[in-house]
Amino acid sequence: MDIVAVNLRRLRQESGLLQKELAGRAEMNPSNLSKLERGEYTWTKGTLNKLALVLGVPVSAFFEEADRSPGAPPELPAAGTDVLLRRILLLLEKWDRTDARRS
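Residues numbered from 1 in each chain as written. Predicted model: local features only at pLDDT ≥ 70, side-chain atom pairs only at ≥ 80, totals over all residues. Heavy atoms only, no water.

Caption draft 1: Inspection of the packing of aromatic side chains at higher detail. The tally for this structure, following the rule as stated, stands at 1 aromatic pair. Note on tryptophan 43 and phenylalanine 63: the rings are 5.3 Å apart at their centroids and 75° apart in plane angle, and the pair reads as edge-to-face. On the criterion of sequence distance, the pair formed by tryptophan 43 in the loop between helix 3 (30–37) and helix 4 (45–55) and phenylalanine 63 in the loop between helix 4 and helix 5 (83–102) is long-range, its members being 20 residues apart. (Phe/Tyr/Trp six-rings, centres within 6.5 Å; stacked < 30°, edge-to-face > 60°. Helix = DSSP H or I, 4+ residues; strand = E, 2+ residues; numbered from the N terminus.)

Caption draft 2: The pattern of salt bridges, seen in detail. Applying the stated rule across the entire model yields 4 salt bridges. A salt bridge links glutamate 37 to arginine 9, with the shortest nitrogen-to-oxygen separation between them at 3.2 Å. Highlighted residues: glutamate 37 in helix 3 and arginine 9 in helix 1 (residues 3–15), separated in sequence by 28 residues. Arginine 9 sits in the partly exposed class, given a relative accessible area of 27%. Across the pair arginine 12 and glutamate 37 runs a salt bridge whose closest N-O atoms are separated by 2.5 Å. Taken as a pair, arginine 12 in helix 1 and glutamate 37 in helix 3 lie far apart in primary sequence, 25 residues in all. As far as the burial class goes, arginine 12 and glutamate 37 line up, both buried. Connected through shared salt-bridge partners, Arg9, Arg12 and Glu37 make up one network. (Salt bridge = Lys/Arg side-chain N within 4 Å of Asp/Glu carboxyl O. Buried < 20%, exposed > 50% of the residue type's maximum accessible area, 1.4 Å probe, protein only.)

Caption draft 3: Region of the structure containing the environment of glutamate 14. Looking at the secondary structure, you find glutamate 14 in helix 1. A residue is classified by how much of its surface remains accessible, and glutamate 14, at 54% relative accessible area, is exposed. On a C-alpha basis, the gap between glutamate 14 and leucine 55 in space is 9.3 Å, while along the polypeptide they are 41 residues apart.

Caption draft 4: Just helix 4, in detail. Thr47, Leu48, Leu51, Ala52 and Leu55 are the residues of helix 4 that are buried. Buried residues of helix 4, viewed axially, fall in a sector of 130°; they line one side. Structural note: helix 4 exposes Lys45 and Leu53 on the side pointing more than 90 degrees away from its buried face. Elements in contact with the buried residues of helix 4: helix 1, helix 2 (19–25) and helix 3. (Arc of directions from axis to C-beta. Contact = heavy atoms within 4.5 Å.)

So, in structure tokens, the structure goes:
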């Protein structure tokens, strides 16, 4: 299962929300949220942004490794890992900082 799916389910459960509640607050179909948590649905930047807003977490929280504490600065993957993943992590951190300045 992909890391976004695992983290989404964990963050939702930690917030005490049911899938139906989170889907309603994020204005998305509960079926699609369920598929997203199972890794069967492709997420978009907009979807992750809505979910992060409702859950009160930065978008980068969906990409964190399980052993990291929430809010800890991101650790880039070791050399030799997927370059695309490294770029995504860097862009998400930049995006989170930009959103924080707008608030």
